[in-house]
Amino acid sequence: MPATGHLDPRLLRAFLAVAEELHFTRAAARLYVAQQALSRDVRRLERELGTELFVRSTRQVTLTGDGERLVPLARRALQAQDDLLAAFGQARPLLVDLNFPDQATARRVLHRARELAPDQELMARYESGLAGAAGEMVAGRLDVSFGRFAGLEPALRAQLDHQPVRYEPMAVVLPEDHRLAALEAVPLAALAGETVYAGAGNPRTTEWTDLAHRLFEQRGIRIAAPVPLAVGDEEFQRIMAKMRNPILAVVGFPAMPGTVLRPLVDPVPLSPVSLVWRKGLVHPGFDALRRAAAEISAEEGWLRRPADGWIPATDVSMMRTPN
């Protein structure tokens with residue numbers, strides 16, 4: 001028995017996936033986790049139970065005697081947990097942060113999840129950025145968010161988990177009379193000498209400002225100084241119109257009066273977007289949300305990086321998905 005007398009249900013789900021697939025790669029894909037993370041969970045369960053559950057070789061995976069004995073016990077334990085959640089959890093909605101109302105990637109995932117789980121209540125929230133949402137998730141006031149996982153502080157990442165969803169092409173919002181507004185696409189080199197707004201000073205969007213720093217460094221592009229924190233679309237548009245600086249955005253950014261949106265090229269900068277949640281989260285609507293993210297990502301090719309795509313080196317390993 002484990003020394004604490006407690007088993008994390010996630011470890012039992014990892015074990016059952018491998019027991020049913022008898023293949024770590026397929027089991028990892030089924031759970032939408034990295035194979036290394038799945039292997040760690042299985043090894044941790046074996047340590048806590050004090051026994052080996054699988055015989056592993058280069059060609060196959062088989063259950064040990066203790067592994068076979070655990071299968072029905074694990075199924076009953078997880079079913080009991082699901083029954084409990086069904087009895088008491090449906091009154092509590094799953095709180096899903098979309099960053100802002102017009103965030104197309106997050107909104108599409110949420111809408112698909114609602115179609116997959118019509119009996120569950122998935123409620124949208126708007127925390128502006130992942131950095132702001134992360135603290136709310138850790139505190140239990142929010143369940144799920146979207147954004148650049150690598151841009152969070154390590155102490156926060158240690159309390160959260162994520163599923164890569166999309167490499168979202170980045171863009172720039174320009175005043176209609178800007179010197180670059182007539183271009184169909186703006187080469188990054190053409191922004192040299194410009195001062196671009198990227199959320200500096202906003203504690204809720206530090207992951208976005210960090211992404212801008214990494215993109216702009218050694219390219220002669222400056223990040224605009226902090227401005228008064230605007231709440232709501234109308235106030236944001238008023239402040240931006242007053243500044244008249246280009247704004248770093250993504251290709252799905254909503255239209256703003258008196259501006260044009262132009263994709264960035266040479267290279268194509270990509271914003272790495274993950275579905276992010278606090279570790280240990282269990283909710284029937286959450287399973288539908290993860291499935292929706294995986295389905296749309298595969299259908300749209302959201303995780304295929306273009307040949308000239310750019311992301312920070314810090315993000316590469318975190319955006320890897322199971323083979």
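Anything mentioned here points back to the structure above.
Residues numbered from 1 in each chain as written. Predicted model: local features only at pLDDT ≥ 70, side-chain atom pairs only at ≥ 80, totals over all residues. Heavy atoms only, no water.

Caption draft 1: Structural context of the nonpolar core. Counting residues in each nonpolar core, the largest one holds 24 residues, and the members touching the most others are Leu94, Val109, Val144, Phe146, Leu275 and Leu289. Broken down by secondary-structure element, the contributors of at least two residues to this core are β3 (94-97), α5 (104-116), β4 (122-125), β5 (144-147), β12 (268-278) and α10 (284-300). Ranked by residues supplied to this core, first place goes to α10 with six residues. In this structure, leucine 275 is in contact with Val144, Ser145, Phe146, Asp161, His162, Gln163, Val165, Leu289, Arg290 and Ala293, ignoring residues within four places of it in sequence. (Core = buried A, V, L, I, M, F, W, Y, C linked by side-chain atoms within 4.5 Å. Buried < 20%, exposed > 50% of the residue type's maximum accessible area, 1.4 Å probe, protein only. Helix = DSSP H or I, 4+ residues; strand = E, 2+ residues; numbered from the N terminus. Contact = heavy atoms within 4.5 Å.)

Caption draft 2: Up close: the side chain of aspartate 143. In this fold, aspartate 143 is placed in the loop between α6 (130-138) and β5. For aspartate 143, a relative accessible area of 1% gives the class buried. Polar side-chain contacts of aspartate 143 include one of 2.8 Å to the backbone nitrogen of leucine 95. A polar side-chain atom of aspartate 143 sits 3.1 Å from a polar atom in the side chain of arginine 278. (Polar contact = N/O pair within 3.5 Å; in protein donor to acceptor, adjacent residues only side chain to side chain.)

Caption draft 3: Highlighting the packing of helix α1 (residues 9-21) against helix α3 (residues 35-49). Between α1 and α3, the shortest axis-to-axis distance is 9 Å and the interhelical angle comes to 110 degrees. The angle between the axes of α1 and α3 places the two elements in the roughly perpendicular class. Across the interface between the two elements, Arg10, Leu11, Leu12, Ala14, Phe15 and Val18 from α1 touch Leu38, Asp41, Val42, Arg44, Leu45 and Glu48 from α3. Class assignment of the residues belonging to the contact of α1 with α3 gives a composition of eight nonpolar, no polar and four charged. (Axes fitted to C-alpha atoms, helices over the stretch in contact; angles between N-to-C directions. Parallel < 35°, antiparallel > 145°, perpendicular 65-115°, else oblique. Nonpolar A, V, L, I, M, F, W, Y, C, P; charged D, E, K, R; others polar.)

Caption draft 4: Representation of the packing of α5 against α10 in the model. Viewed as axis vectors pointing N to C, α5 and α10 meet at an angle of 120 degrees, and their least axial separation amounts to 8 Å. Taken together, α5 and α10 sit at an angle that is classed as oblique. Between α5 and α10 lies a crossing of right-handed hand. Touching Arg108, Val109, Leu110, Arg112, Ala113 and Leu116 of α5 are Ala288, Leu289, Arg291, Ala292, Ala293, Glu295, Ile296, Glu299 and Glu300, all from α10. Taken together, the residues of the contact of α5 with α10 break down into nine nonpolar, no polar and six charged. (Left-handed = near helix turned anticlockwise from the far one by under 90°.)

Caption draft 5: Summary view of α6. Considered for burial, the residues of α6 that qualify are Leu130, Ala131, Gly132, Ala133, Ala134 and Met137. Considering only its buried residues, α6 is in contact with β3, β5, α7 (154-157), β6 (160-175), α8 (206-216) and β12. Immediately downstream of α6, the backbone of glycine 140 shows phi near 85 degrees, a positive value.

Caption draft 6: Seen up close, the packing of aromatic side chains. Taken as a whole and judged by the stated rule, the model has four aromatic pairs. Clustering of aromatic rings is evident, with ring pairs tying together Phe15, Phe24 and Phe54. Over the face of the ring belonging to tyrosine 167 we find arginine 305, whose NZ or CZ atom lies 5.8 Å from the ring centre. (Phe/Tyr/Trp six-rings, centres within 6.5 Å; stacked < 30°, edge-to-face > 60°. Lys NZ or Arg CZ within 6 Å of the ring centre and 35° of its normal.)

Caption draft 7: A look at the pattern of salt bridges. Applying the stated criterion across every chain yields a total of 20 salt bridges. With its nearest N and O atoms 3.3 Å apart, the salt bridge here joins aspartate 66 to arginine 69. Pair noted here: aspartate 66 and arginine 69 are both in helix α4 (residues 65-88), with a separation of three residues, about one helical turn. A salt bridge links aspartate 315 to arginine 148, with the nearest nitrogen and oxygen atoms 2.8 Å apart. Highlighted residues: aspartate 315 in helix α11 (residues 313-316) and arginine 148 in the loop between β5 and α7, separated in sequence by 167 residues. Taking the relative accessible area as the measure of exposure, aspartate 315 reaches 2% and is therefore buried. Residues joined by salt bridges that share partners form a network here, namely Arg112, Arg291, Glu295 and Glu299. (Salt bridge = Lys/Arg side-chain N within 4 Å of Asp/Glu carboxyl O.)

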